[in-house]
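Chain by chain, the residues:
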Amino acid sequence: MINSTLCYLERGDEYLMLHRVKKENDMNRDKWIGVGGKFEEGESPEDCVLRETREETGLTLTDYCYRGLVTFVSDAYPTEYMHLFTATGWEGEAGVCDEGELAWIKKTELLSLPLWEGDKIFLRLLEEDRPFFSLKLRYQGERLVQAVLDGTTIV
């Protein structure tokens with residue numbers, strides 16, 4: 001079982017996205033995702049999102065919000081509990097990321113990028129400004145076979 005964070009830094013009508021193209025054997029290879037990563041021993045979700053954002057972007061978050069918990073179940077990977085955040089405030093300048101290419105992408109263009117199918121669901125929930133949610137996504141390989149939002153099956 002894995003605990004991780006994912007954060008979408010929001011600048012007007014854009015999100016800072018990470019195109020995962022630099023690491024070999026990356027389960028997210030060639031996909032566009034937010035920034036984040038796995039918990040270290042003793043970290044809270046907030047500790048992890050602050051550290052991972054700083055490591056991947058060079059930015060220090062000053063205004064961020066815990067938006068939801070996404071449970072990934074897969075036939076290929078261990079179960080992962082991903083703590084989802086958005087951020088509207090930070091200090092510093094975005095630098096180079098060793099896991100991929102960072103780019104500001106218009107929210108209206110996100111769905112045209114190579115994304116996990118489940119990511120499209122929680123990106124929509126973020127855009128709808130849905131209150132804190134729990135989303136369970138079940139994959140077979142890269143195919144989304146089930147999505148359960150707050151206990152109700154939606155896919």
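What counts, and where the lines are drawn
- Residues numbered from 1 in each chain as written.
- Predicted model: local features only at pLDDT ≥ 70, side-chain atom pairs only at ≥ 80, totals over all residues.
- Heavy atoms only, no water.
- Phe/Tyr/Trp six-rings, centres within 6.5 Å; stacked < 30°, edge-to-face > 60°.
- Helix = DSSP H or I, 4+ residues; strand = E, 2+ residues; numbered from the N terminus.
- Lys NZ or Arg CZ within 6 Å of the ring centre and 35° of its normal.
- Salt bridge = Lys/Arg side-chain N within 4 Å of Asp/Glu carboxyl O.
- Buried < 20%, exposed > 50% of the residue type's maximum accessible area, 1.4 Å probe, protein only.
- Contact = heavy atoms within 4.5 Å.

A. The arrangement of the packing of aromatic side chains in detail. Here the structure, examined in full by the defined rule, presents 8 aromatic pairs. Plain terms: the ring middles of Tyr66 and Phe85 are 4.8 Å apart, the flat faces sit at 15° to each other, and that makes the pair stacked. Placement of Tyr66 in strand 5 (residues 60–74) and of Phe85 in strand 6 (residues 80–91) is noted, with a sequence separation of 19 residues between them. Put simply, the rings of Tyr64, Tyr66, Phe85 and Phe132 touch in pairs and so form one group of aromatic residues. Against the face of Trp104 rests Arg11, its NZ or CZ located 4.0 Å from the ring centre. The ring of Trp116 is capped by Lys31, whose NZ or CZ atom sits 4.6 Å from the centre of that ring.

B. Looking closely at the pattern of salt bridges. Counted according to the given criterion, the structure contains 13 salt bridges. In this structure, Arg11 engages Glu14 in a salt bridge whose closest nitrogen and oxygen atoms are separated by 2.8 Å. The closest approach of N and O atoms between Lys31 and Glu142, which form a salt bridge, is 2.9 Å. Of this pair, Lys31 sits in the loop between strand 2 (14–19) and strand 3 (32–33) while Glu142 sits in the loop between strand 8 (133–140) and strand 9 (143–149), and the two are 111 residues apart along the sequence. Take Lys31: its relative accessible area is 12%, and that puts it in the buried class. On the basis of relative accessibility, which here comes to 55%, the residue Glu142 falls in the exposed class. Each of Glu40, Glu43, Arg51, Glu52 and Glu55 takes part in salt bridges that share partners, so that together they form one network.

C. Fine view of the environment of Leu126. When you line up the elements, Leu126 lands in helix 2 (residues 117–127). The buried category is assigned to Leu126, whose relative accessible area is 5%. Considering only alpha carbons, one finds Leu126 and Phe85, 41 residues apart in sequence, at a separation of 9.3 Å. Apart from residues lying up to four places away in sequence, Leu126 is in contact with Tyr8, Tyr15, Arg67, Leu84, Thr86 and Phe133.

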